[in-house]
Structure formats: structure tokens, C-alpha cells
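Chain residues, written in single-letter form:
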Amino acid sequence: MKLGIVGLPNVGKSTLFNSLTKAGAESANYPFCTIDPNVGIVAVPDGRLKKLGDLYQSKKVTPAAIEFVDIAGLVKGASKGEGLGNQFLSNIREVDAIVHVVRCFEDSNIVHVDGSINPVRDIETINLELIFSDIEILERRIAKASKGARMDKVLAKELKLLERVKAYLEDGKLAKTFELEDEEEELWFQGYNLLTAKPVIYAANVTEDDLADDGAGNAFVQEVRKNAEDEGCEVFVICAQIEQEIAELDEDEKAMFLEELGLKESGLEKLIKASYSLLGLISYLTSGEDETRAWTIKKGTKAPQAAGKIHSDFERGFIRAEVVNYQDLLDCGSLAAAKEKGLVGLEGKDYIVKDGDVILFRFNV
């Protein structure tokens, strides 16, 4: 999974990226300190892995991973070259979802690019730049399709779709709310890879005081939540500064620090939950003496396709899957004991993999 972190300058974007990835992207109190997109790979926290690894005495435990891309602060007019311009918008096209950091705190020591705190205005500024960038993409496709549309019925149909989507965006609407008429249109639409069609998670960046009640008493956060509800987006509340402090601690210290703050989980854990929920993702597990590992798949994935995440040969030569629920396996203490209790299922090609399934795939190539 690849997530792009965007936002106006000085909203806490790079501070959040630093804390999530410990990759050390430069962070400073002035716009455009992130000159190149920074990339960091983050392990997905999953308490099940260690317990499963201990059960099997695995030599290695490998969590699932998320790639974060920190993209330079966008400003009004970015799509037309303002600030650092449109070059960074192309980096967002490669991600699965956008994490939009929105400033929800007052601090006279940290300048706001527009002079005041207004999360809805900030969201609209970023959305408009993404819309303008998408319109530019559509205009190029329209120009190309127009040349052959007279002689090609399929191309003529796609041209009509392109023009409809462009008109929709010109009304200030986001591509993700555009209604498609058939499967053919859906296929074309996906190929356009529009920025405003991507799922969005809003990170409401607050001060430490607003963390314990999850931003319930922060009016700015409520505005972001209302906006997200209208767009069908996820929201999580975070204090980027606190996350940076958490990033420096070991696991035991982190647990104590979170408890002192009255928090059950870190911002990274909140973000990952929001990402998995938004993108419809789950994890299944494999375990043995050599390795215990988590594999990320879409909800609704059938066993052969899940096996294909490990290796294409597993999917191609799929015979069956031995499946046991993680908690059942742990409670029984071994796979043999789980089998004795009838908790291990032999599943075929139509089995839909569930979150927390521990699976052994049988295949023959």
C-alpha cells in the first residue's frame, strides 16, 4: 500500500512524515522545505505476529508494510506552477490513497500560508489544485480522442465520457463522486488515474491538549469531520509533535507514554486502521519455523488470489488451503490440537479469505 501525504505548507505534514517513518525529512518553519518527495517504508503494527512467531518459534517475523510519500506543500495556483508547481502533483498519481494533513491548532509562532486557521478553506484550496490538475489531464485526452472519434464509435463514446467528467470537475466537484453508466466507462475512468478519484484520509493535526478526547472539543476538528462526512472520507486526529516524540521511544516506553496521555494507540496505528478501512484491506497470516508473515489483501479476495500474493505459482497451481482462525490456533496451542477440535478447514478455490486467517496453501505446478 502506498499513501501520499499532502497539505498546505506549515500544517505539520513533514513532522508527521518524520514521526511515521523516522526517515528524517527536513522539517522547518517555512514553506517548501520538502523539495523532493520523501519516501519511507513503515511496518504495519500487528500484535498477532509476535504471538504466532513465538508459537511456531519462527526464525523471522515479517509484518506487512506501507510506503509513505511526503509531497511538498501545495499552495493556491500549484497546478499552474505557483510555489513549487505541478511537478509534485504527478507524485500523488502513483499512490493508492491520499493522507491530507489539515492544521487544526492556533500557534502564533508557526505562520499559516493564508494568514489564519481555516481547515475547510485549506481543504478546498488543495482540492481545487487537484481538480485543476485533473482537468489538464482530461483536456489532453479529449484533444487526442477528438482526432479519431468520427471514425471510431468506441472512441466517440469515450470522448463523451471525457467531456462529461471534465464538465463535472469544472463545477468544483470531485471525480470520486462522479456516476458512471456502465462497465466500459468504469474501465476507461480507472485508466485516467485522476487525483480527485483517489480515496482521502484527513489527518486533523491538533495540540496535545486535544488528543485525549479525540478532538471532540476542537471546533476545527468538527469542521473537518463534517467535510469528510460529505465527501465519504475517513478522519483521524493526530498531534504530529507528539508522534515525533513517540517515534524516539522503544515499545515499553511508548506504551507508558501513551497511557500517560490517556491514549490507547499511536497516530500511526490510527492511520493504518483508517487506511485499511478506507481501502477495504485485511491481513491474513502464514507461519512456520522459517517465517511468520502478514499479507495484505482486499476484502473479498478468494484463496487462489490470496496465495498469488506470496508467489504466482501458488495461484497458478492452487489445490486447496488449510485455514484456521488466528485466535483458535493460539487458544489450542498448536495446529495439530486445532485439527483435533475440527477448527482447521480444508478450503477450495471459492473460499473468501478473512482477516486473521492463518493459512497453509497446497499447490502443484
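Look a little higher up for the structure.
Basis of the calculations
Residues numbered from 1 in each chain as written. Predicted model: local features only at pLDDT ≥ 70, side-chain atom pairs only at ≥ 80, totals over all residues. Heavy atoms only, no water. Helix = DSSP H or I, 4+ residues; strand = E, 2+ residues; numbered from the N terminus. Contact = heavy atoms within 4.5 Å. Areas by Shrake-Rupley, 256 points an atom, 1.4 Å probe, with all protein chains shown as cover. Pairing = 2+ DSSP bridges. Expected span 1.5 Å × (residues − 1). Buried < 20%, exposed > 50% of the residue type's maximum accessible area, 1.4 Å probe, protein only. Polar contact = N/O pair within 3.5 Å; in protein donor to acceptor, adjacent residues only side chain to side chain. Phe/Tyr/Trp six-rings, centres within 6.5 Å; stacked < 30°, edge-to-face > 60°. Lys NZ or Arg CZ within 6 Å of the ring centre and 35° of its normal. Core = buried A, V, L, I, M, F, W, Y, C linked by side-chain atoms within 4.5 Å. Salt bridge = Lys/Arg side-chain N within 4 Å of Asp/Glu carboxyl O.

Undergrad: Break down the overall build of the protein chain for me, citing the residues and quoting the values.
TA: A tally of helices and strands in the protein chain yields 14 helices and 12 strands. Across the protein chain, the fraction of contacts at a sequence separation of at least 24, relative to all contacts at a separation of at least 6, is 69%. Here the protein chain has roughly 18100 Å² of accessible surface; of this, 48% comes from carbon and sulfur atoms.

Undergrad: How would you summarise the pairing of strand 10 (residues 318–325) if you had to cite specific residues and measurements?
TA: Taken residue by residue, a regular strand's side chains alternate between the two faces of the sheet. Pairing of strand 10 with strand 12 (residues 357–363), which is carried by 7 bridges, proceeds in the antiparallel orientation. The residue of strand 12 that forms the bridge with V324 is V358. As judged from the 3 bridges shared by strand 10 and strand 11 (residues 345–347), these two strands associate in the antiparallel manner. Each bridged residue has a counterpart across the sheet, and for E322 the counterpart in strand 11 is L346.

Undergrad: Residues and numbers for helix 5 (residues 153–170), please.
TA: The end-to-end C-alpha distance of helix 5 is 26 Å, a good match for the 26 Å that 18 residues give at a rise of 1.5 Å each. Along helix 5, the positions that sit buried rather than exposed are E158, L159, L161, L162, V165, K166, Y168 and L169. With a side-chain oxygen lying 3.0 Å from the backbone nitrogen of V154, the N-terminal cap of helix 5 falls on D152. A positive phi of about 85° marks G172, the residue just after helix 5.

Undergrad: Lay out the packing of aromatic side chains with the relevant residues and their values.
TA: For the structure shown, the criterion picks out 6 aromatic pairs. For the cation-ring pair, R103 lies above F105, with the distance from its terminal atom to the ring centre recorded as 4.6 Å. In this arrangement the basic side chain of R293 is found over the ring face of W295, its NZ or CZ atom lying 4.1 Å from the centre.

Undergrad: Would you mind going over the nonpolar core in detail, with residue names and values included?
TA: With 70 residues, the main nonpolar core has F68, I92, C104 and Y202 as its most contacted residues. With 6 residues, helix 10 (residues 267–279) is the single largest residue contributor to this core. F68 has contacts with L3, I5, F17, L20, T21, N38, V39, G40, V42, L268 and L271, leaving out every residue within four places of it along the chain. Of all hydrophobic cores here, the second largest spans 20 residues; its members include L162, V165, Y192 and L194.

Undergrad: Could you give me a rundown of the pattern of salt bridges, with the residues and numbers involved?
TA: This model, assessed by the stated rule, comprises 24 salt bridges. Between K2 and E67 there is a salt bridge; the shortest N-O distance is 3.6 Å. With K2 in strand 1 (residues 2–6) and E67 in strand 4 (residues 65–70), this pair connects stretches of sequence that are 65 residues apart. For the salt bridge of E322 with R362, the shortest nitrogen-to-oxygen distance reads 3.2 Å. Pair noted here: E322 is in strand 10 and R362 is in strand 12, with a separation of 40 residues, a long-range link. Each of D46, R48 and D355 takes part in salt bridges that share partners, so that together they form one network.

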